[in-house]
Amino acid sequence: MLMRAGNAGDAGSYRQLLRELTPVLRAAARRGLFRAGMAETDAEDVVQETLLAIHLKRQTWNEEAPIGPWLWAIARHKVIDALRRRGRRIDLPIDDFIEILEHGDTEPNMIVADVDRHLEGLPVGQRNVVRAIAIDGDSIDEAASRLSMSKGAIRVALHRGLAALAVKFRKTDA
Amino acid sequence: MKTGDLIRALAADAETRTASPQRALALALIPGVAIAFGLYFAALGLRPHLFALLGENPRLVFKLCLTFLLACLSGRFVLRLVRPGADARGSALLLAVAPALLAIANLVELLTVPAALWSQRLVGSNAIHCLESIPFLGAVPLVAALLALRHGAPEHPALAGAGAGLLAGAIGAALYATHCPDDSPFFVATWYTLAIAIVAAVGALVGARLLRW
């Protein structure tokens, strides 16, 4: 329902959907990494990468089909991809996981290094726009006036910046 | 950047929509197939008396229908492959109808054609030409299909690439079928299959890299 609204361009419902999905994706990412004996610190990277994929590939969801299998397939694909890229190396002793699992679903307050590093690698125009909207919380209009760009140019830079972030995630060899 | 920040950026981008895979594929194949038609008329051209032959040569009709059917079924199949979580088994099974029909046609040919003519029908007069022409005609549709499928999200990129190659190979074969004078199902089963397999293999190789997401 919310995804349909998101596909129709309703930013508010779409944001709500992504927010509600995040804890589920986080649990799935942690479980996947945990099973492979990998650091939970990477889970937030996987969550962000999965959110980007859900966003950039949302046109592949058939609106008549149930959304669950679609979401699950994307999440699984991204966890597997992360495991493959990181070569399944073991990052932390098992004791650390107990503590982490007890944390529950709160967003870790740690810095998620990957996305920031990837953001640095974007062309400056895209980087400024993504930063203004994501970190400074600007709306499209505010970003347009602050960066002296047209709203259309902001939209294009934002979309390209997000797509470029997804590519950079994919090319990470952590 | 925190995850909440990223979500804010994604929501701000909600209005920018990209084309669905089937729309992208259709839009890419229109020029792709048009260019293949152009190459066809420039390099090969219609077989003489094609339309007159349609009425009296069931093998020719079968050959044309089969390649067209394969193009439709593989298009359907590949669109399933690029949707995460979609069940592609049904369309894969349906796709198997094409080789099944070809096998039946070969049986009929075995029963109706004297054994002395078999090798002549199998080798035909254009085997190498067929192996060259189908990939030649399928190349542009393959590029178009692969680029369009980047809008999709295949769980198995190489398989989706192979599907795109199958589709492009079938388009090339359908065009070539209107040129080639060899109509025997023996010929089609051997040389058309081999030529389409070449296109599918190229699609799988390229797709494994290009269709990752």
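All of these numbers come straight from a predicted model, not from anything done at the bench. (Residues numbered from 1 in each chain as written. Chains lettered and ligands numbered in written order. Predicted model: local features only at pLDDT ≥ 70, side-chain atom pairs only at ≥ 80, totals over all residues.)

## What about the overall build of chain B?
- Across its full length, chain B holds 10 helices and zero strands.
- Listing every helix and strand of chain B by position from the N terminus yields α-α-α-α-α-α-α-α-α-α.
- Overall, the C-alpha framework of chain B stretches about 75 × 35 × 30 Å when taken along its three principal axes.
- Across the 213 residues that make up chain B, the buried fraction comes to 49%. (Helix = DSSP H or I, 4+ residues; strand = E, 2+ residues; numbered from the N terminus. Buried ≥ 20, exposed ≤ 12 C-beta atoms within 10 Å, placed from the backbone.)

## Re the overall build of chain A
- Within chain A, the regular secondary structure consists of nine helices and zero strands.
- Taken from the N to the C terminus, the helices and strands of chain A come in the order α-α-α-α-α-α-α-α-α.
- Taking as baseline every contact in chain A between residues at least 6 positions apart, the subset at least 24 positions apart corresponds to 63%. (Contact = placed C-beta atoms within 7 Å.)

## Notes on the environment of T193(B)
- Along the chain, the position of T193(B) falls in helix 10 (residues 185-210).
- Taking C-alpha positions, T193(B) is 9.2 Å from P99(B), a pair spaced 94 residues apart along the chain.

## Description of the interface of chain B and chain A
- In this complex, chain B contributes 30 residues to the contact, which on the side of chain A involves 41 residues.
- Ranked by residue count, the leading element in the side of chain B that touches chain A is helix 1 (residues 3-12) of chain B, at nine residues.
- Taken together, the residues of the side of chain B that touches chain A sort by class into 14 nonpolar, seven polar and nine charged. (Nonpolar A, V, L, I, M, F, W, Y, C, P; charged D, E, K, R; others polar.)

## Some thoughts on the environment of E44(A)
Residues and elements named next belong to chain A.
- In this structure, E44 sits in helix 3 (residues 43-56).
- Residue E44 is classed as buried on the basis of its 23 C-beta neighbours within 10 Å.
- Note: C-alpha distance between E44 and E64 (20 residues apart in sequence) is 31 Å.

## Observations concerning the domain arrangement of chain A
All names here are of chain A.
- What the domain assignment lists for chain A is domain 1 (1-109) and domain 2 (111-174).
- Facing the 10 residues of domain 1 at the interface are 11 residues of domain 2.
- With eight residues, the top contributor of residues to the side of domain 1 that touches domain 2 is helix 3.
- Here the side of domain 1 that touches domain 2 is built from residues that sort into three nonpolar, two polar and five charged. (Domains from an automatic or database assignment.)

## Topic: unusual backbone geometry
- In the Ramachandran plot, S148(A) falls in the positive-phi region, its phi being about 50° despite a non-glycine side chain.
- Structurally, S148(A) can be placed in the loop between helix 8 (140-146) and helix 9 (151-170).
- Not every positive phi belongs to a glycine, and H49(B) is a case in point at roughly 60°.
- Residue placement: H49(B) occurs in the loop between helix 2 (21-43) and helix 3 (50-56).

## Some words on the packing of helix 8 (residues 127-149) of chain B against helix 10 of chain B
Residues and elements named next belong to chain B.
- At a minimum axis distance of 8 Å, the contact between helix 8 and helix 10 shows a crossing angle of 30°. Taken together, helix 8 and helix 10 sit at an angle that is classed as roughly parallel. Crossing of helix 8 against helix 10: the hand is right-handed. Residue-level inspection shows A127, C130, L131, I134, P135, G138, L142 and L146 of helix 8 in contact with helix 10, the latter providing W191, Y192, L194, A195, I196, I198, V199, V202, G203, V206, G207 and L210. (Axes fitted to C-alpha atoms, helices over the stretch in contact; angles between N-to-C directions. Parallel < 35°, antiparallel > 145°, perpendicular 65-115°, else oblique. Left-handed = near helix turned anticlockwise from the far one by under 90°.)

## Comments concerning the nonpolar core
- One finds A145(B) and L149(B) to be the most contacted residues of the largest nonpolar core, which totals 107 residues.
- If one sorts the elements of this core by residue count, helix 9 (residues 157-177) of chain B sits on top with 14 residues.
- Two domains each provide a minimum of three residues to this core, namely domain 1 (1-109) and domain 2 (111-174) of chain A.
- If sequence neighbours within four positions are ignored, L149(B) has contacts with P21(B), L25(B), V78(B), V82(B), A160(B), A164(B) and L211(B). (Core = buried A, V, L, I, M, F, W, Y, C linked by C-beta atoms within 7 Å.)

## A closer look at the packing of helix 9 of chain B against helix 10 of chain B
Residue and element names in this part refer to chain B.
- Close contact between helix 9 and helix 10 brings their axes to 6 Å; oriented N to C, the two are set at 145°. Classified by chirality, the crossing of helix 10 by helix 9 is right-handed.
- By residue class, the composition of the contact of helix 9 with helix 10 is 19 nonpolar, six polar and no charged.

## Quick notes on the environment of A28(B)
Residue and element names in this part refer to chain B.
- Residue position: A28 is located in helix 2.
- Sequence spacing of A28 and A148 is 120 residues, and the spatial spacing of their C-alpha atoms is 6.1 Å.
- Residues in contact with A28, not counting those within four places in the same chain, are A144, A145, L147 and A148.

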